[in-house]
Amino acid sequence: MTTHASGHLSGATGTGTATAVHPTGTLGIHATGLTKTYGDVRVLDGIDLAVPSGSVLALLGPNGAGKTTTVRILATLTAPDAGTARVAGHHTVTERALVRERISLTGQFAAVDDLQTGAETLRMMGRLCGLAPRAARARADELLDRFGLTDAAARTAKTYSGGMRRRLDLAASLVSRPEVIFLDEPTTGLDPRSRQDLWELVRELRADGTTVLLTTQYLEEADRLADRVAVLADGRIAAEGTPAELKARVAGHRLDLTLTTRAAYEALAPRAVHLAPDDLTLGVTTDGSAAHVRALLDELDPDRTAVDRFAVRTATLDDVFLTLTGADR
Amino acid sequence: MTTAAPASALALAGRSLRISRRSPDALIAALMLPVMLMLIFVYFFGGAIDTGTQYVTYVVPGAMLLCAGFGAASTAVSVADDMRTGVIDRFRTLDIGGIPILAGHVAASVLRNLLSTTLVLAVALAIGFRPQAGPAAYLAAAGLLLAYITAISWLAAVLGLLAKTPEAAGGFTFLMMFLPYPSSAFVPIETMPGWLHGFAEHQPLTPVIESLRALLLAQPAGSAPWTALTWCAGITAVAMTLAGVLFRSRTR
């Protein structure tokens, strides 16, 4: 995560030895048919997830799609109304304590006390994980060093920058050397540098064999970090696959057309997967071949007056997302 | 990997104490307000109040309870504060239950309160309070005070769970701080209007105050200490149960 990074997060000593037996085989997270209703609102409507051990799944979706509820159920904080989930090989409701020994959660809002120092926070976490005082201190020092917080160790978190708080928060969640880590919107509100650091950390966690489930609204993040992406919309998984597979699902490319008049723009807008009304530009899907582009142009603009200019782009996860969730239409 | 509940509570009490040590405004309020109030009662009102003894002698037990009320109030605020951040979720994913989390706050509250009641006692001694108690009576008084502080700290934890915001929690605790007034803490109950007697004589604080007064001044206490302890144990038991239920419903 920082220049101090040693590249080793877990497995050095002590506690994280229970990885051997996984009744569900090689799945770090396995959920089937999760539903959850709050009042009249059905937040989750049948979620299935299968995340292989040691891989990264990005749960992608807009606000209110059910990302946080999914994470809370998997992290044993909330029981589903129906459906079951196994995390690190154990049932999240009937074997809650066993799951809790093997996971950590970093929520949307940093769970760091303003009035404790970085060192105190990490030592406390060590004690709460059952480490003896000396071991808790050693673990705290190791994580402070690893997260570049050694110089700030004796300062209260109140004095930390947003990025430093996030780092401390993550360090706190790693004290117990979890097998499965949940990161709920870990980069929301971070500056670009801190975001890069966090991405690097997720890659290191993965390299160490940790299963990571992260939620994000940022497609770029999912694209860069995740082995697989699950797109969540209105409490359902709208699509699931590798970033490449998802991109392939909405055709490989996008033809962006800049139109000559507002009327022409309005006429073609219903066919678009991408809209930029200010520029009178919209995008339609294409396989990117010359024949298809030519045919599309003839079809969309038979009089050859509507299109001013065009560009062919590779589809982004944004296109996938908008196509699958119907958002922005 | 998860640790025993008492060890968790201890680690969390340490957290609570570090946080309160760094909140000077709350600390000063908890330490200074009871001392100020005691001084106001002794020097401003005391001359006009006839209790049959030196007023300072009469008022110190009540001032000590008042002090404990202020100290416990900050527990309600800290609990409410925790409930709205992600920190409770993190503790829960460490498999720490609601009772150990709250017990951490209560333990810190007890320690803070012992400090502030000691300060009140020290100031009281300086302004002429002359206890007659022997070592055994002192110990008994300290034990009773401890039981009382524990009871109202759990009560404060319940208020902290009931309140949606720390500000509201602070407001709720005014009820607790008001309780010493309609008791024998500051004036003899006989001087109150008749309709108040029933409440003032039987509310939980009166036996606590009467016992403290009797123990510190080497007077016969009668059954008051047992009544007081029963109240404290009852309040603690009810508050702990309520706190457990509220915590579960708040974290569903």
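Quick note: structure is the one above.
Residues numbered from 1 in each chain as written. Chains lettered and ligands numbered in written order. Predicted model: local features only at pLDDT ≥ 70, side-chain atom pairs only at ≥ 80, totals over all residues.

Visitor: Would you mind going over the interface of chain A and chain B with me for this structure?
Guide: Contact residues are listed per partner, giving 26 residues for chain A and 22 residues for chain B. Among the elements of the structure, α2 (96–100), β6 (103–106) and α3 (118–128) of chain A are those that each provide at least two residues to the side of chain A that touches chain B. Here the side of chain A that touches chain B gets four residues from one element, more than from any other, and that element is α3(A). Of the residues in the side of chain A that touches chain B, the class split is 12 nonpolar, nine polar and five charged. (Contact = placed C-beta atoms within 7 Å. Helix = DSSP H or I, 4+ residues; strand = E, 2+ residues; numbered from the N terminus. Nonpolar A, V, L, I, M, F, W, Y, C, P; charged D, E, K, R; others polar.)

Visitor: Looking at this structure, I do not really get the packing of helix α1 (residues 5–21) of chain B against helix α5 (residues 98–126) of chain B. What am I missing?
Guide: Between two packed helices, the angle of one axis relative to the other and the distance separating the axes together describe the packing. Residue and element names in this part refer to chain B. Here α1 crosses α5 at 50 degrees, and the two axes come no closer than 7 Å. Relative to α5, the element α1 lies oblique. Seen along the crossing, α1 lies across α5 with a hand that is right-handed. From α1, Ala-5, Ser-8, Ala-9, Leu-12, Ala-13, Arg-15, Ser-16, Leu-17 and Ser-20 reach across to α5, where they touch Pro-100, Ile-101, Ala-103, Gly-104, His-105, Ala-107, Ala-108, Leu-111 and Arg-112. Partitioning the contact of α1 with α5 into residue classes produces 11 nonpolar, five polar and two charged. (Axes fitted to C-alpha atoms, helices over the stretch in contact; angles between N-to-C directions. Parallel < 35°, antiparallel > 145°, perpendicular 65-115°, else oblique. Left-handed = near helix turned anticlockwise from the far one by under 90°.)

Visitor: Help me understand the sheet that holds strand β1 (residues 27–38) of chain A, please; the structure alone is not making it clear to me.
Guide: Sheet strands line up and pair through hydrogen bonds in the backbone, either parallel or antiparallel. Residues and elements named next belong to chain A. Here we have four strands laid out as an open sheet, ordered β2-β1-β4-β5, and antiparallel in their pairing. Since the sheet does not close on itself, it has two edges, and those belong to β2 (41–52) and β5 (90–91), each with one partner. Pairing of strand β4 (residues 82–87) with β5, which is carried by two bridges, proceeds in the antiparallel orientation. Paired with Arg-86 across the two strands is His-91, which belongs to β5. Against the sheet, helix α1 (residues 67–74) touches β1, β2 and β4, its axis set at about 120 degrees to β1. (Pairing = 2+ DSSP bridges.)

Visitor: What am I meant to see in unusual backbone geometry here?
Guide: Here the phi dihedral of A:Glu185 falls at roughly 45 degrees; this positive angle occurs in a residue that is not glycine. Relative to the assigned elements, A:Glu185 resides in the loop between β7 (180–184) and α6 (192–207). Its identity as a non-glycine residue notwithstanding, B:Asp95 has a phi of 65 degrees, on the positive side. Mapping B:Asp95 onto the fold places it in the loop between α4 (87–93) and α5. Among the residues examined, B:Asp95 registers 21 C-beta atoms within 10 Å and is labelled buried. (Buried ≥ 20, exposed ≤ 12 C-beta atoms within 10 Å, placed from the backbone.)

Visitor: I tried to follow the sheet that holds strand β3 (residues 56–60) of chain A on my own but got confused; where do I start?
Guide: All names here are of chain A. Strand order in the open sheet made by the six strands is β6-β7-β8-β3-β9-β10, with mixed pairing throughout. The open sheet is flanked by β6 and β10 (236–241), the only strands paired with a single partner. The mean angle between the axes of side-by-side strands here comes to 15 degrees, regardless of whether they run parallel or antiparallel. For β3 and strand β8 (residues 211–216), the ladder comprises five bridges, and the chain directions are parallel. Bridging across to β8, Ala-58 finds its partner in Leu-214. With respect to the sheet, helix α5 (residues 162–174) is in contact with β6 and β7, its orientation differing from that of β6 by roughly 165 degrees.

Visitor: For this particular structure, what's the right way to read the packing of helix α2 (residues 24–45) of chain B against α5(B)?
Guide: Residues and elements named next belong to chain B. In the contact formed by α2 and α5, the axes pass within 9 Å of each other and the chain directions differ by 30 degrees. Comparing their axes, α5 and α2 come out roughly parallel. With respect to the hand of their crossing, α2 and α5 are arranged in right-handed fashion. Together, Ala-30, Leu-31, Pro-34, Val-35 and Met-38 of α2 and Arg-112, Ser-116, Leu-119, Val-120, Val-123 and Ala-124 of α5 make up the contact between the two elements. When its residues are assigned to classes, the contact of α2 with α5 shows nine nonpolar, one polar and one charged.

Visitor: Any chance you could explain α2(B) here in plain terms?
Guide: Note: α-helices contain 3.6 residues per turn, so residues at a spacing of three or four share the same orientation. Residue and element names in this part refer to chain B. In a regular helix each residue adds 1.5 Å, so 22 residues correspond to 32 Å; α2 covers 29 Å between its end C-alpha atoms and thus fits that length. Among all positions of α2, only Ala-30, Pro-34, Leu-37, Met-38, Phe-41 and Val-42 are buried. Packing partners of the buried residues in α2 comprise α3 (55–83) and α5. (Expected span 1.5 Å × (residues − 1).)

Visitor: Whenever I open this one, the environment of A:Pro133 confuses me. Can you help?
Guide: All names here are of chain A. One can find Pro-133 in helix α4 (residues 133–146). Judged by the 11 C-beta atoms lying within 10 Å of it, Pro-133 is exposed. When the C-alpha atoms of Pro-133 and Arg-123 are compared, they prove to be 7.8 Å apart, with 10 residues separating the residues in sequence.

Visitor: Help me out: how do you make sense of α6(A) in this one?
Guide: All names here are of chain A. Along its 16 residues, α6 runs 23 Å from first to last C-alpha, staying within 8% of the 22 Å computed at 1.5 Å per residue. Listed in full, the buried residues belonging to α6 are Ser-194, Asp-197, Leu-198, Leu-201, Val-202 and Leu-205. Axial view of α6: buried residues confined to an arc of 140 degrees, hence all on one face. For α6, the exposed residues lying more than 90 degrees away from the buried face are Pro-192, Arg-193 and Ala-207. Structurally, α6 contributes buried residues whose contacts are with β3, α5, β7, β8 and α7 (219–225). Phi for Gly-209, located one or two positions after α6, is positive at around 95 degrees. (Arc of directions from axis to C-beta.)

Visitor: Honestly, the environment of B:Val35 in this entry has me stumped. Any pointers?
Guide: Residue and element names in this part refer to chain B. Relative to the helices and strands, Val-35 is located in helix α2. Considered as a pair, Val-35 and Met-64 are 29 residues apart in the sequence and their alpha carbons are 9.0 Å apart. Other than its neighbours up to four places away in sequence, Val-35 contacts Leu-119, Val-120 and Val-123.

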